[in-house]
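Overview (structure and organization)
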There are 2 protein chains.
Amino acid sequence: MAKVDTSLVAHLPLFGGVKPGDLEEILREARSARYPRNSAIFEQGADAQSFFLLLHGHVRAAKTTPTGEQIVVRYVAPGETFGLAMAIGAARYPATAIAVDDSVALIWPTSAWPRLVERFPSLAASTLQTVGTRLQESHTRILEMSTQQVEQRVAHALLRLAKQSGKKLDHGIEIDFPISRQDIAQMTGTTLHTVSRILSSWESQGLVESGRQRIILRDPHGIVVLAERSADSGAA
Amino acid sequence: MAKVDTSLVAHLPLFGGVKPGDLEEILREARSARYPRNSAIFEQGADAQSFFLLLHGHVRAAKTTPTGEQIVVRYVAPGETFGLAMAIGAARYPATAIAVDDSVALIWPTSAWPRLVERFPSLAASTLQTVGTRLQESHTRILEMSTQQVEQRVAHALLRLAKQSGKKLDHGIEIDFPISRQDIAQMTGTTLHTVSRILSSWESQGLVESGRQRIILRDPHGIVVLAERSADSGAA
DNA sequence: GGCCCGTTTTGAGCTATCGCAAACACCCGG
DNA sequence: CCGGGTGTTTGCGATAGCTCAAAACGGGCC
C-alpha cells in the first residue's frame with residue numbers, strides 16, 4: 001500500500017477543519033486502488049464495505065430498477081467522495097459505481113467511519129454539507145424533469161458536466177471523459193434516440209461538435225440560451 | 001415562551017445520542033410557534049434564519065421556478081425537521097414552506113447550530129442520516145419519473161403519503177391533511193387534469209374515494225399492484 | 001339561504017416524445 | 001488492412017399526456 005501524499009488532498013472541502021497532522025492519520029486508514037476503464041467499483045445492493053474518494057478519473061453512479069431500466073445518478077469527478085452509504089445509515093449501496101475512465105480512488109473501510117467522525121467531528125459536518133448539496137441538486141433535477149422539455153434538460157445536463165469536468169479548448173469546452181448518448185438520456189429521463197436527434201440538430205447549428213462518446217460545446221453561451229428558453233419559440 | 005416537554009420529542013431519531021439532561025439544554029434554545037392553515041413558514045430565497053422541528057400539523061415544502069411553475073419537494077410530518085438550509089451550507093432557503101394544516105413547530109435560530117453540533121456531535125450524525133435518507137428518496141423519485149408512467153407515479157406518491165401520514169379507517173386509509181389534485185400533480189410531474197382523470201378512474205374501480213382536498217385509499221393493495229405494474233396491460 | 005370562489009371533472013384536439021426498425025460510422029483487435 | 005461490434009443516426013408511425021375550454025361542484029361566508 002503506497003503512502004498517499006497529503007498535499008494532494010489537503011485542500012479538499014472534506015478535510016476543511018482537519019489539521020495537517022490529523023490528515024495524515026486519516027489517510028493512514030485508507031488504501032488506494034486503480035480501476036480500469038469500464039470496471040465496476042461496487043454494485044447496487046452489495047454490502048457497503050467501503051467508502052471512496054476519487055483521485056483520478058471519472059466514475060458513473062447509476063441506479064437500476066427491478067425491470068432493468070437505469071438512470072445515471074451522477075458523475076463523480078476527482079476530489080469528490082462516493083459510496084457514502086454508511087454515513088447515511090444504509091447497509092447496502094443504493095447504486096452501482098463504474099469507472100468510465102481509468103481511475104484511482106482512496107478507499108476507507110466503512111467500519112472506520114464511526115471512529116473517524118468521533119475523532120474528527122468536522123468530517124461529519126463537511127459530509128453533511130456534501131450530502132446536502134447533492135440533495136439540492138437532486139431537487140433541481142426533479143424540478144427540471146417536471147417543468148422542462150427534453151431539449152432544455154439535455155442542455156442543462158451538458159452545461160453541468162462541462163462545469164464539473166470540462167476541458168477548455170480554444171474552440172470550446174470538451175467533456176473530459178467518454179460519455180454516450182445513452183448516458184445523457186439516462187441523466188435526463190429520455191431515450192438515446194431523442195438525445196441523438198437533439199445533438200444532431202445542435203451540431204447543424206454549430207452549437208456542439210460530437211462523436212462517439214465525445215462531446216464538445218462549441219458555443220456554451222448558445223446552449224445556456226437554449227437551456228433557459230421557456231418552452232416556446234423553436235427554430236424555423 | 002412556553003417550555004417544551006422533553007418527553008414529547010425525546011424518542012425522535014434526531015436526538016438519538018443525546019442524554020435526557022442534554023436534551024433539555026437543546027430545547028432551551030428553541031422557541032415554538034403556531035402556524036395557521038395555509039400560512040407561509042418561510043419563503044424560498046429568504047435568509048435561512050431558523051430551522052424547524054414540526055410538532056403538530058403538516059407542512060408542504062415546494063420549489064418554484066423563475067417562470068412560476070412549482071413542484072412539491074415533500075410533505076413534512078410531525079417529528080420531522082425542515083428548513084435545514086444551514087446544516088447543508090446554504091444561506092437561503094431553497095424552497096418555500098407552507099403549513100397545510102394548523103401546525104406547531106419548534107424553532108431554533110440558525111446561529112445556534114454550530115454551537116449545538118460542537119456540544120452534541122451526535123446531532124450532526126443524525127442529521128446526516130436524515131439528509132442522506134432524503135437524498136435516496138430523491139433519487140428514487142428521479143428514477144420513477146424517468147421510467148414510469150404517470151399513473152404509476154401517482155400510485156407511488158399516494159402510497160408514500162399514506163405510509164407517512166395515513167389515518168387508518170375501517171374502510172381504508174385516509175391521507176390526514178388537505179391535499180388537492182394540483183398538489184399531487186406537483187409531486188409527480190404531471191398536471192392536475194391528468195391526476196383528476198386517474199383518480200376518477202380509480203374511484204370507479206373502487207380503489208379510492210376522494211373529494212375536495214381529500215383522498216381515502218379504499219384498496220391499498222390494489223394500488224400497490226397498479227404501482228408495480230410494468231407499463232403494459234391496461235384495463236379493458 | 002344564497003352567493004362567490006377555489007376545486008374538480010370532462011371533452012376534444014394536438015404534439016412532443018417514444019418505440020421500433022434499419023442503415024450507418026467508427027474504433028479496436030487480429 | 002479487414003471484420004465485428006458498439007455506438008450513432010434517421011425515418012416513420014403510435015400515443016400518453018398536455019393544452020385549452022367549459023361546465024359542474026362544494027363549502028364557507030355574509
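Before any of the text, the structure's been laid out above.
Cut-offs and rules
Residues numbered from 1 in each chain as written. Chains lettered and ligands numbered in written order. Predicted model: local features only at pLDDT ≥ 70, side-chain atom pairs only at ≥ 80, totals over all residues. Heavy atoms only, no water. Helix = DSSP H or I, 4+ residues; strand = E, 2+ residues; numbered from the N terminus. Buried < 20%, exposed > 50% of the residue type's maximum accessible area, 1.4 Å probe, protein only. Contact = heavy atoms within 4.5 Å. Areas by Shrake-Rupley, 256 points an atom, 1.4 Å probe, with all protein chains shown as cover. Buried area = accessible area lost by both parts, 1.4 Å probe. Salt bridge = Lys/Arg side-chain N within 4 Å of Asp/Glu carboxyl O. Least-squares fit on C-alpha atoms with pLDDT ≥ 70 in both. Near = heavy atom within 4 Å. Polar contact = N/O pair within 3.5 Å; in protein donor to acceptor, adjacent residues only side chain to side chain. Nonpolar A, V, L, I, M, F, W, Y, C, P; charged D, E, K, R; others polar. Core = buried A, V, L, I, M, F, W, Y, C linked by side-chain atoms within 4.5 Å. Phe/Tyr/Trp six-rings, centres within 6.5 Å; stacked < 30°, edge-to-face > 60°. Pairing = 2+ DSSP bridges. Axes fitted to C-alpha atoms, helices over the stretch in contact; angles between N-to-C directions.

Structural notes on the overall build of chain A
Tallying secondary structure elements over chain A gives 8 helices and 12 strands in all. Counting only C-alpha atoms, chain A reaches 60 × 40 × 30 Å along its principal axes. For chain A, the residues scored as buried account for 52% of the 236 residues in total. In chain A, 70% of the contacts between residues at least 6 apart in sequence involve partners at least 24 apart. When the accessible surface of chain A is totalled, it reaches about 11,100 Å², and 51% of it is carbon and sulfur.

Looking at the interface of chain B and chain A
Accessible area lost during the coming together of the parts is what is often quoted as the interface size. Listed per partner, the contact involves 34 residues of chain B and 34 residues of chain A. Interface of chain B and chain A: buried area, both sides summed, is about 3,100 Å²; carbon and sulfur atoms make up 74% of it. Of all residues in chain B, Leu128, Ile142 and Leu143 of chain B bury the most surface against chain A, accounting for 20% of the area lost on that side. Summed over the shared surface of chain B and chain A, the number is 0 salt bridges. If you list the elements that add at least two residues to the side of chain B that touches chain A, you get β5 (70–76) and α4 (121–147) of chain B.

Let's talk about the environment of Gly172 of chain A
Residue and element names in this part refer to chain A. Take Gly172: it is sitting in strand β10 (residues 172–175). Along the primary structure Gly172 and Asp219 are separated by 47 residues, whereas in three dimensions their C-alpha atoms are 6.6 Å apart. Not counting residues up to four positions away in its chain, the partners in contact with Gly172 are Lys167, Ile216, Leu217 and Arg218.

A short note on the relation of the copies chain B and chain A
For the pair chain B and chain A, the best superposition has an RMSD of 0.0 Å and corresponds to a rotation of 180 degrees with a translation of 0.0 Å parallel to the axis. These values place the two chain copies in the arrangement generated by a two-fold rotation axis. Most of the interface of chain B is mirrored in chain A: 100% of its interface residues are interface residues there too.

Observations concerning the protein's contact with DNA strand D
Taken together, 19 residues are adjacent to DNA strand D, and Arg181, Ser196 and Arg212 of chain A together with Thr190 and Thr194 of chain B come closest. Per the 4 Å cut-off to the protein, sugar and phosphate atoms form 65% of the nearby atoms of DNA strand D. Here a phosphate oxygen of DNA strand D sits 3.0 Å away from a polar atom, N or O, in the main chain of Gln213 of chain A. Breaking the surface near DNA strand D down by element, the ones donating at least two residues are α7 (192–204) of chain A together with α7 (192–204) of chain B. For the surface near DNA strand D, the element with the highest residue contribution is α7 of chain A, accounting for 5 residues. Partitioning the surface near DNA strand D into residue classes produces 2 nonpolar, 12 polar and 5 charged.

Concerning the nonpolar core
The biggest cluster of nonpolar side chains holds 52 residues, and the ones touching the most others in it are Phe15 and Trp108 of chain A together with Phe15 and Trp108 of chain B. Excluding residues within four positions of it along the chain, Trp108 of chain B makes contact with Phe15, Ile26, Leu27, Glu29, Ala30, Gln49, Ser50, Phe51, Leu53 and Leu116 of chain B.

Description of the packing of aromatic side chains
Counting across every chain of the model gives 14 aromatic pairs over all chains. Put simply, the rings of Phe42, Phe52, Phe82 and Tyr93 of chain A touch in pairs and so form one group of aromatic residues.

What to know about the protein's contact with DNA strand C
Within the structure, DNA strand C sits among 19 residues, and Val150, Thr190, Thr194 and Arg197 of chain A together with Ser196 of chain B are positioned closest to it. Those atoms of DNA strand C that come within 4 Å of the protein belong to sugar or phosphate at a rate of 60%. One nitrogen or oxygen atom from the side chain of Thr194 of chain A is found 2.3 Å from a phosphate oxygen belonging to DNA strand C. Arg197 of chain A is positioned with one of its side-chain polar atoms (N or O) 2.9 Å from a base oxygen of DNA strand C. Sorting the residues of the surface near DNA strand C by element identifies α7 of chain A together with α7 of chain B as the ones contributing at least two each. In terms of residue count, the dominant contributor to the surface near DNA strand C is α7 of chain B (5 residues). Along the lines of polarity and charge, the residues of the surface near DNA strand C split into 2 nonpolar, 12 polar and 5 charged.

Observations concerning the sheet that holds strand β10 (residues 172–175) of chain B
Residues and elements named next belong to chain B. Read across the sheet, 4 strands follow the order β9-β10-β12-β11 without closing on themselves; strand pairing throughout is antiparallel. One side of each edge strand has no neighbouring strand; the edge strands of this open sheet are β9 (166–169) and β11 (208–211). Direction aside, neighbouring strands of the sheet carry axes that sit 20 degrees apart on average. When β9 meets β10, the two strands line up antiparallel, connected through 4 bridges.

Section: the pairing of strand β3 (residues 50–56) of chain B
Residues and elements named next belong to chain B. Of all 7 residues in β3, 5 are buried, a share of seventy percent or more. Bridging between β3 and strand β8 (residues 103–109) involves 6 bridges; their strand directions are antiparallel. Of the residues in β8, the one forming a bridge with Phe51 is Trp108. Pairing geometry for β3 and strand β6 (residues 81–82), over 2 bridges, is antiparallel. From the neighbouring strand, Leu53 faces β6, where its bridge partner is Thr81.

Nothing here speaks to function; it is geometry throughout.
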